[in-house]
Amino acid sequence: MFRRSKADEPATQPTASSAASPSGTTTGSGKGRPTPTRREAEAAAKARARAVTDSKEARRQARDKRAAESRRMREGMKNGDERYLMSRDKGPVKRFVRDFVDARVSIAEFLLPLLLLTFVLQASGNAALVRFGGALWTTTILVVLIDTLWLVFRLKRALRERFPEESQRGTVFYAVLRALQVRPLRSPKPQVRIGGRPK
């Protein structure tokens, strides 16, 4: 008489692992979210692959754009485009100086080749060639000095006539450095022919 009936016993509670989600989908152990279907997994994988591909394509396009811009800048510098020139080369005065130097043949641009020739003659061991090499080098230095002084004199006179109100600071040094460079290696490249008129 003192036994409890089965109706009085507490109902057995379902375990957490066997509980179903409200949508009817069984949740994974400890995940708290439904297991993705195969279609959803494939779609996610494709999205990740597409993102990687798009990132690589974006980097490639940025690299190509930088390369094209660099080529455009180099060409602009070579052709004397003011937008791409360094500050030392900008301005109408510097352009006139370049044209003035490029319109003539400067003995100074042959200084390096003649120096190499002199070294070869000096190293030959032949007394006559050694004397000739020494005389050639001395003559070259004198001729380059006279030619450079003549260039500077004429350039200053032309600048005073062409740009009387403009500052001429640094123009002589700029002209001498350009005259020392071999014509094909000058940058910006010459825009006038030998014997032409500066612009």
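Scroll up to find the structure this text is about.
Sequence order sets the numbering: in each chain, residues are counted from 1 along the sequence as written. In view of the model being predicted, local features appear only for residues whose pLDDT reaches at least 70, and side-chain atom pairs are presented and counted only at 80 or more, with totals across whole chains, interfaces and linings using the full set of residues. Excluding hydrogens and water, the side-chain figures rest on all heavy atoms present in the structure.

A. Up close: the packing of helix H3 (residues 111-123) against helix H4 (residues 127-162). Put simply, H3 and H4 touch, their axes get as near as 8 Å, and they point 160 degrees apart. Judged by the angle between their axes, H3 and H4 are roughly antiparallel. Judged by the sense of rotation from one axis to the other, the crossing of H3 with H4 is left-handed. In this structure, H3 contributes Leu 111, Leu 114, Leu 115, Leu 117, Thr 118, Leu 121 and Gln 122 to the contact, and H4 contributes Leu 129, Val 130, Phe 132, Gly 133, Gly 134, Leu 136, Trp 137, Thr 140, Ile 141 and Val 144. As a rule, the C-alpha atoms of each element are fitted with a line to give its axis, helices using only the stretch in contact, and angles between N-to-C directions run from 0 to 180 degrees. Secondary structure elements follow DSSP: runs of H or I no shorter than four residues count as helices, runs of E no shorter than two count as strands, and numbering proceeds from the N terminus. Roughly parallel covers angles under 35 degrees, roughly antiparallel covers those over 145, roughly perpendicular covers 65 to 115, and oblique covers all other angles. By definition, any crossing whose near helix is turned counterclockwise from its far helix by less than a right angle is left-handed, and any crossing with a clockwise turn is right-handed. The contact definition used throughout considers only heavy atoms, calling two residues in contact when any of these lie within 4.5 Å.

B. Up close: the packing of H4 against helix H5 (residues 171-180). It is the contact of H4 with H5, at a shortest axis distance of 10 Å, that shows an interaxial angle of 135 degrees. Looking at the two axes, H4 sits oblique to H5. Our pair here, H4 against H5, has a crossing hand that is right-handed. Across from Thr 148, Leu 151, Val 152, Leu 155, Lys 156 and Leu 159 in H4, the residues of H5 making contact are Thr 171, Val 172, Ala 175, Val 176 and Ala 179. Just so you know the grouping, Ala, Val, Leu, Ile, Met, Phe, Trp, Tyr, Cys and Pro go in nonpolar, Asp, Glu, Lys and Arg go in charged, and all remaining residues, Gly too, go in polar. Taken together, the residues that form the contact of H4 with H5 break down as 8 nonpolar, 2 polar and 1 charged.

C. Highlighting the packing of aromatic side chains. Between rings of Phe, Tyr and Trp, where Trp is taken as its six-membered ring, a pair exists when centres lie within 6.5 Å; planes separated by under 30 degrees are stacked, by over 60 edge-to-face, and by other angles tilted. Here the structure, examined in full by the defined rule, presents 3 aromatic pairs. Seen from their ring centres, Phe 96 and Phe 100 are 6.0 Å apart, and the 40 degrees between their planes marks the pair as tilted. Placement of both Phe 96 and Phe 100 in helix H2 (residues 92-102) is noted, with a separation of 4 residues, approximately one turn of the helix. For the pair formed by Phe 96 and Phe 100, the shared burial category is buried. With a centroid separation of 5.8 Å and 25 degrees between ring planes, the pair formed by Trp 150 and Phe 153 is classed as stacked. With Trp 150 and Phe 153 both in helix H4, this residue pair falls 3 residues apart, about one helical turn. Trp 150 gets classed as partly exposed once you look at its relative accessible area, which sits at 46%. By way of ring pairs, the aromatic residues Phe 96, Phe 100 and Phe 163 are connected into one cluster. Criterion for a charge above a ring: Arg CZ or Lys NZ at most 6 Å from the ring centre, at most 35 degrees from the ring normal. Residue placement shows Lys 94 over the ring face of Tyr 174; its charged tip is 4.9 Å from the ring centre. Only protein chains enter the area calculation, which uses a 1.4 Å probe; residues under 20% of their type maximum are buried, those over 50% are exposed, and those in between are partly exposed.

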